[in-house]
Amino acid sequence: MFVRLSAAIAAVSLLGGAALAQGAKPTDPQIAHIAYTAGVIDIAAAKQALKKTHNKEVKAFAQDMVRDHEAVNKQALALVKKLKVTPEDNDTSRTLSKNAADKRAELAKLKGAAFDKAYVDNEVGYHKAVDSALETNLIPNSSNAELKSLLQTGLKIFQGHEQHAEHVAASLK
């Protein structure tokens, strides 16, 4: 179910895109944009879940996703403003956004328990991939100490999200 979105997140892990694939490391403005985009994607998915689910555990999880991702994105915006950095759109961010929109359209067709299971399974895969991208690419390639620190904080939060999603997924089986 979440293959397309997981493939998009794999693009983050690989930092796909022609310029990045040729060995160029992502810049801090690109990293900031990718990380912010990943948060926006999860907020949109959680808001969709809040509209569709009737399951209390799925609803609570989605509320946590909105709260936590909005908080981290708010911190990210404050940081780029402080540093006078403009996040730079890039192929990875665009691929993530397109695939996430496709996934939301796919989930929109589902109802009830089928939606809940597909949403939560997608969240498990999404957080695994984002956590991996943060650990292996975004954090190591960030040159600004404050951005790196924010990404490291985000990683801890998102690892908790992954565990929470796995717990919710187990309860839906």
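Residues numbered from 1 in each chain as written. Predicted model: local features only at pLDDT ≥ 70, side-chain atom pairs only at ≥ 80, totals over all residues. Heavy atoms only, no water.

### A short note on the overall build of the protein chain
A count of helices and strands for the protein chain gives 7 helices and 0 strands. Going residue by residue from the N terminus, the α and β elements of the protein chain occur as α-α-α-α-α-α-α. For the protein chain, the proportion of its 173 residues judged to be buried stands at 47%. Residue pairs in contact within the protein chain that sit at least 24 positions apart in sequence constitute 83% of those at least 6 positions apart. Here the protein chain has roughly 8,600 Å² of accessible surface; of this, 58% comes from carbon and sulfur atoms. (Helix = DSSP H or I, 4+ residues; strand = E, 2+ residues; numbered from the N terminus. Buried < 20%, exposed > 50% of the residue type's maximum accessible area, 1.4 Å probe, protein only. Contact = heavy atoms within 4.5 Å. Areas by Shrake-Rupley, 256 points an atom, 1.4 Å probe, with all protein chains shown as cover.)

### Focus on the environment of E166
As for its placement among the helices and strands, E166 is situated in helix α7 (residues 145-172). A sequence separation of 42 residues divides E166 from V124, and the C-alpha atoms of the two residues are 6.0 Å apart. In contact with E166, not counting residues within four places along its chain, are V124 and K128.

### Some details on the packing of aromatic side chains
Taken as a whole and assessed by the stated rule, the structure comprises 2 aromatic pairs. Ring centres of F61 and Y119 lie 6.2 Å apart, and the angle between their planes is 65°; this geometry places the pair in the edge-to-face category. Note that F61 is positioned in helix α4 (residues 56-83) and Y119 in helix α6 (residues 112-141), a separation of 58 residues in sequence. Across the pair, Y119 and F61 agree in class, each one buried. Consider the rings of F115 and Y119, whose centres lie 6.0 Å apart with planes at 0°: the pair is stacked. (Phe/Tyr/Trp six-rings, centres within 6.5 Å; stacked < 30°, edge-to-face > 60°.)

### Comments concerning α6
Taking 1.5 Å as the rise per residue, α6 with 30 residues should run 44 Å; its terminal C-alpha atoms sit 41 Å apart, in good agreement. The largest bend in α6 is about 45°, located at L134. Judged by how many residues are buried, α6 sits mostly within the fold: 21 of 30 residues are covered. (Expected span 1.5 Å × (residues − 1). Bend = angle between axes of the 7 residues up to and from the residue.)

### Quick notes on the pattern of salt bridges
Per the stated rule, a full pass over the model turns up 11 salt bridges. With a closest N to O distance of 3.5 Å, E162 and K128 form a salt bridge. Residue E162 is found in helix α7, and its partner K128 is found in helix α6; the two are separated by 34 residues along the sequence. We classify E162 as buried; its relative accessible area is 16%. The salt bridge partner of E166 is K128, with a shortest N-O separation of 3.0 Å. (Salt bridge = Lys/Arg side-chain N within 4 Å of Asp/Glu carboxyl O.)

In short, the description is geometric, and any link to function would need to be established separately.
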